[in-house]
Amino acid sequence: KSPVCWVCLLYSFTAIGEDNCIVLISVLRQEVVRALFLCKERSFMKEKEVEVLLVQPEKYPKKVSISRGLESLQKMVGGYISFTYPFKEDVGIVLNDEGKLLGLPFNRALRDENGDPYDIINGDFLVVGLTDDDISSLSPELMDKFERLFHKPEVVTKVGGYLMISQIESEN
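Read on for a plain summary of the structure. (Residues numbered from 1 in each chain as written. Predicted model: local features only at pLDDT ≥ 70, side-chain atom pairs only at ≥ 80, totals over all residues. Heavy atoms only, no water.)

**Let's talk about the packing of aromatic side chains**
Then, in step 1: This structure, assessed with the given rule, holds 4 aromatic pairs.
Then, in step 2: Taken together, the ring pairs connect F87, F125, F146 and F150 into an aromatic cluster. (Phe/Tyr/Trp six-rings, centres within 6.5 Å; stacked < 30°, edge-to-face > 60°.)

Next up, the structure:
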């Protein structure tokens, strides 16, 4: 029995509200699983900045502090954003929505519970904490967990009709 790829069944769409807020709605099997509201400015936000994990191709992940607004997320990933939720924890991955189409460099593979890759993220991405309707800082435990998960940079090589994924070993 092959594992179910929940990410493959998940899709997102956006809507623009009157207050220039973007609503990212994620649907899984015809049920809304998350709605995030991203605005240029939200005066009622408790945290103006959040601490998240930046993962770049062929580099080690690093903790960064970013503004919670849409423009900041777009700047960090280099274009239009998309969210995916491949983990059980309340975290999301913010990635460039057109990363594959633009031919951005391969970054990291997403793997199922057996460690088998089912997708590859192209370009820079962020691992962010999630609340009911917004992004948040990663807790120290989640920051550590996802830094370890994505610690080794990966190189993806096309060989024939296949992609080979190799981890770069550190010199330490």
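**Let's talk about the environment of L130**
Then, in step 1: As for its position among the elements, L130 is in strand β10 (residues 125-130).
Then, in step 2: Expressed as a C-alpha distance, the spacing of L130 and V91, which sit 39 residues apart in the sequence, is 5.3 Å. (Helix = DSSP H or I, 4+ residues; strand = E, 2+ residues; numbered from the N terminus.)

**Some details on the environment of V156**
Then, in step 1: Of note, V156 is situated in strand β12 (residues 154-159).
Then, in step 2: Between the C-alpha atoms of V156 and F106, which are 50 residues apart in sequence, the distance is 6.2 Å.
Then, in step 3: Those residues in contact with V156 that lie beyond four places of it in its chain are F106, I120, L163, M164 and I165. (Contact = heavy atoms within 4.5 Å.)

**Some details on the pairing of strand β5 (residues 62-67)**
Then, in step 1: Alignment of strand β4 (residues 49-55) against β5, held across 6 bridges, turns out to be antiparallel. Counted as the bridge partner of E49 is S67 from β5.
Then, in step 2: Where β4 folds back onto β5 in an antiparallel hairpin, the turn is made up of 6 residues, including E58, whose phi is positive at roughly 60°. (Pairing = 2+ DSSP bridges.)

**Focus: the pattern of salt bridges**
Then, in step 1: Summed over the entire model, instances satisfying the criterion amount to 6 salt bridges.
Then, in step 2: Ionic pairing is found between D144 and R148, a salt bridge with its closest N-O pair at 3.1 Å. Pair noted here: D144 and R148 are both in helix α2 (residues 140-149), with a separation of 4 residues, about one helical turn.
Then, in step 3: Judged by its relative accessible area of 40%, D144 falls in the partly exposed class.
Then, in step 4: The exposure class of R148 is exposed, given its relative accessible area of 53%. (Salt bridge = Lys/Arg side-chain N within 4 Å of Asp/Glu carboxyl O. Buried < 20%, exposed > 50% of the residue type's maximum accessible area, 1.4 Å probe, protein only.)

**Details of the pairing of strand β7 (residues 91-96)**
Then, in step 1: For β7, the buried fraction is high: 6 of the 6 residues fall into the buried class.
Then, in step 2: Examined bridge by bridge, strand β6 (residues 81-84) and β7 share 4 bridges and lie antiparallel to one another. Looking at the pairing, I81 lines up with N96 of β7.
Then, in step 3: Pairing of β7 with β10, which is carried by 5 bridges, proceeds in the antiparallel orientation. Bridge pairing links G92 to V128 in β10.

**Quick notes on the nonpolar core**
Then, in step 1: With 16 residues, the main nonpolar core has L73, F83, V94, L126 and V128 as its most contacted residues.
Then, in step 2: Secondary-structure elements contributing two or more residues to this core are β4, β5, α1 (70-77), β6 and β10. (Core = buried A, V, L, I, M, F, W, Y, C linked by side-chain atoms within 4.5 Å.)

**Some points on α2**
Then, in step 1: Turning to α2, its buried residues number three or more, namely L142, M143 and F146. Buried positions in α2, seen along its axis, are confined to an arc of 105° and lie on one side of it. Looking at α2, the residues exposed on the side facing more than 90 degrees away from the buried face are P140, E141 and R148.
Then, in step 2: On its buried face, α2 sits against β4, β5, β7 and β10. (Arc of directions from axis to C-beta.)

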